[in-house]
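# Breakdown of the fold
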Amino acid sequence: MTILMVSQAPLEVLGLVALALGVLVLPGMRNILLKYGPRKVRAALYTSIGFTIGLFVFYFFVSLFDGDGYSIDFLSMLMILLFSLLGNFLYGIPASIVAEAIAMRFMGNRLWVSGLIHIGFGAVTYFYHPGISAAAVCCSILFFIMDERIRRNH
């Protein structure tokens, strides 16, 4: 907590880190993370890698057909991967756990409810950062697909 208090990071980042630390302090949340955590972490990692590769392929094809020279260098790809990892771990995993907890109440339609909640959490980013909302919705869809695939394989 002392490091957070003396940090020069923006208030939003400090709030997210404090929220993540606060969640880990609660025993009920720790139990949920131990139960679903490994699967969600794998889904977040695969989502970030898939999103980065997909964005690279998208820009590659846009540069082929458009000719305006859209390209992504290695440093840009690394930054996209890091920000995607950050978003998926700080926002995607908790949102997915909430979506799973809500969707379990609708066992007949669990898959549809969970998918809509994942997309909804991705779409909510439009209200506080419209510039990344399309990427957040894409990541939320990928996260849902990866999580369900990992769930079915185990």
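Just so it is clear, the model here is predicted, and its values are computed rather than measured. (Residues numbered from 1 in each chain as written. Predicted model: local features only at pLDDT ≥ 70, side-chain atom pairs only at ≥ 80, totals over all residues. Heavy atoms only, no water.)

## What to know about the packing of helix 4 (residues 74–103) against helix 5 (residues 110–128)
When two helices pack together, their arrangement is given by the angle between their axes and by how far apart the axes lie. Rules: Between N-to-C directions, angles cover 0 to 180 degrees, with each direction set by a line fitted to C-alpha atoms, over the stretch in contact for helices. Numbering of helices and strands runs from the N terminus; a helix is a DSSP stretch of H or I covering at least four residues, while a strand is a stretch of E covering at least two. By definition in this entry, angles of less than 35 degrees are roughly parallel, angles greater than 145 are roughly antiparallel, angles of 65 to 115 are roughly perpendicular, and the rest are oblique. Two helices crossing with the near one rotated counterclockwise from the far one by less than a right angle form a left-handed crossing, whereas a clockwise rotation gives a right-handed crossing. Note on definitions: a residue-residue contact is assigned when non-hydrogen atoms from the two residues lie within 4.5 Å. Side-chain classes follow a simple rule in which Ala, Val, Leu, Ile, Met, Phe, Trp, Tyr, Cys and Pro form the nonpolar group, Asp, Glu, Lys and Arg form the charged group, and the remainder, Gly included, forms the polar group.
Interhelical geometry of helix 4 versus helix 5 gives an angle of 140° and a closest axis separation of 9 Å. For the element pair helix 4 / helix 5, the angle class is oblique. Considering how the two elements wind past one another, helix 4 and helix 5 form a crossing that is right-handed. Packed against helix 4, whose contacting residues are Tyr91, Ala95, Ser96, Val98, Ala99, Ile102 and Ala103, the element helix 5 presents Arg110, Val113, Ser114, Ile117, His118, Phe121, Val124, Thr125 and Tyr128 at the interface. Classifying every residue of the contact of helix 4 with helix 5 by side-chain character gives 11 nonpolar, four polar and one charged.

## Notes on the confidence of the model for the protein chain
Spelled out, the test is: Confidence scores here are pLDDT values: one per residue, from the predictor, ranging 0 to 100.
When pLDDT is averaged along the protein chain, the result is 82; 88% of the residues meet or exceed 70. Mean pLDDT values over the elements of the protein chain span from 66, in helix 1 (residues 2–6), up to 91, in helix 6 (residues 133–153).

## Focus: the layout of surface pockets
The condition is simple: A cavity, in this analysis, means grid points on a 1 Å lattice covering only the protein atoms where a 1.4 Å probe fits yet has no way out; a pocket is instead an open set bounded by protein on both sides within 12 Å along at least five of seven lines, and a residue lines either one if it has an atom within 4 Å of a point. Grid points are joined across faces, edges and corners, and a volume is the space filled by probe spheres set on the points.
The space that makes up the largest pocket amounts to roughly 960 Å³. Lining the largest pocket we find 29 residues, and of these Phe83, Leu86, Gly87, Tyr91 and Ile132 sit closest to its centre. Broken down by secondary-structure element, the contributors of at least two residues to the lining of the largest pocket are helix 2 (11–25), helix 4, helix 5 and helix 6. Residue contributions to the lining of the largest pocket peak at 11 residues, all from helix 4. Looking at the lining of the largest pocket residue by residue, the class counts come to 17 nonpolar, 11 polar and one charged.

## Re the packing of aromatic side chains
Put simply, the rule is: Here a pair means two rings of Phe, Tyr or Trp (six-membered ring of Trp) with centres within 6.5 Å. Their orientation is stacked below 30 degrees between planes, edge-to-face above 60, and tilted elsewhere.
Evaluation of the coordinates by the stated rule reveals four aromatic pairs. Ring geometry for Phe60 against Phe61: centres 5.6 Å apart, planes inclined by 70°, an arrangement best described as edge-to-face.

## Quick word on the nonpolar core
Stated formally: For the purposes of this section, nonpolar cores are sets of buried Ala, Val, Leu, Ile, Met, Phe, Trp, Tyr and Cys residues that join through side-chain atoms within 4.5 Å. We call a residue buried when its accessible area falls under 20% of the maximum for its residue type, exposed when it is over 50%, and partly exposed in between, using a 1.4 Å probe and counting protein chains only.
Listed in full, the six residues of the largest apolar core are Ala43, Ala44, Ile93, Ile97, Phe143 and Ile150. Those elements that provide at least two residues to this core are helix 3 (27–66), helix 4 and helix 6. In contact with Ile93, other than residues within four places in its own chain, are Lys40, Val41, Ala44, Asn88 and Phe143.

## So, the packing of helix 4 against helix 6
It is at 11 Å that the axes of helix 4 and helix 6 come closest, and there the two elements cross at 60°. Taken together, the axes of helix 4 and helix 6 are oblique relative to one another. Both helix 4 and helix 6 take part in a crossing whose hand is right-handed. Side by side, helix 4 and helix 6 meet where Ser84, Asn88, Gly92, Ile93, Ser96 and Glu100 of the first sit next to Cys139, Phe143, Asp147 and Arg151 of the second. Considering only residue class, the contact of helix 4 with helix 6 consists of three nonpolar, four polar and three charged.

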